[in-house]
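Read off the chains here:
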Amino acid sequence: MDFDGKTLGRFRFIEAVLIVHGVIRRAHIERAFWVNSATASKVISLFKQASPSALKMSRSAKYGGGNINVRSINFKPIFLHTSPSEFLAAAELISGQQIVEIKQIIS
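These lines cover the structure that appears in this document, whether it is placed above or below. (Residues numbered from 1 in each chain as written. Predicted model: local features only at pLDDT ≥ 70, side-chain atom pairs only at ≥ 80, totals over all residues. Heavy atoms only, no water.)

1. Some points on the overall build of the protein
Stage number 1. Helix and strand counts for the protein come out as 4 helices and 3 strands.
Stage number 2. For the protein, the proportion of its 107 residues judged to be buried stands at 41%.
Stage number 3. A fraction of 60% describes how many contacts in the protein between residues 6 or more apart in sequence connect residues 24 or more apart.
Stage number 4. Accessible surface, the protein as shown: approximately 6,100 Å² in total, 53% of it carbon and sulfur. (Helix = DSSP H or I, 4+ residues; strand = E, 2+ residues; numbered from the N terminus. Buried < 20%, exposed > 50% of the residue type's maximum accessible area, 1.4 Å probe, protein only. Contact = heavy atoms within 4.5 Å. Areas by Shrake-Rupley, 256 points an atom, 1.4 Å probe, with all protein chains shown as cover.)

2. Thoughts on the packing of helix H1 (residues 5-21) against helix H3 (residues 37-50)
Stage number 1. The contact between H1 and H3 brings their axes to 10 Å, and the two run at 80 degrees. Taken together, the axis directions place H1 and H3 in an arrangement best described as roughly perpendicular. For the pair formed by H1 and H3, the contact residues are Arg10, Phe11, Ile14, Glu15 and Leu18 on the first element and Thr39, Val43, Leu46, Phe47 and Ala50 on the second.
Stage number 2. Residues that form the contact of H1 with H3 fall into these classes: 7 nonpolar, 1 polar and 2 charged. (Axes fitted to C-alpha atoms, helices over the stretch in contact; angles between N-to-C directions. Parallel < 35°, antiparallel > 145°, perpendicular 65-115°, else oblique. Nonpolar A, V, L, I, M, F, W, Y, C, P; charged D, E, K, R; others polar.)

3. Some words on the packing of aromatic side chains
Stage number 1. Evaluation of the coordinates by the stated rule reveals 6 aromatic pairs.
Stage number 2. Look at Phe3 and Phe11: their rings are 4.9 Å apart centre to centre, the planes differ by 70 degrees, and that puts the pair in the edge-to-face class.
Stage number 3. The class for Phe3 is partly exposed, based on a relative accessible area of 22%.
Stage number 4. Joined through ring pairs, the aromatic side chains of Phe3, Phe11, Phe47 and Phe79 make up one cluster.
Stage number 5. Its end group placed over the ring of Phe33, Arg10 keeps NZ or CZ at 5.4 Å from the ring centre. (Phe/Tyr/Trp six-rings, centres within 6.5 Å; stacked < 30°, edge-to-face > 60°. Lys NZ or Arg CZ within 6 Å of the ring centre and 35° of its normal.)

Function cannot be read off these values alone, since they describe shape.
Structure follows, in structure tokens:
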């Protein structure tokens, strides 16, 4: 599959969040890229098509009980080619706000 630069940037962001925090929420994409919920859902859906073994759904109380996309044990980044922490720091600088709350970190 071929993706434009905007989509690749969003996929890199998803991979960085998964590496550092273990979960990706629509809200993360909404805050990072200033998009609406429907667009954020579409980005996650496209990412799942491009990297089908990266995510799994969880309804764990650990994540608030709702459906959440978590990093699967088979996850290997295929779009991100830099340090995840550096990438997330740059994304937060660009967006002007904290994108991922610290309490969402998992091991």
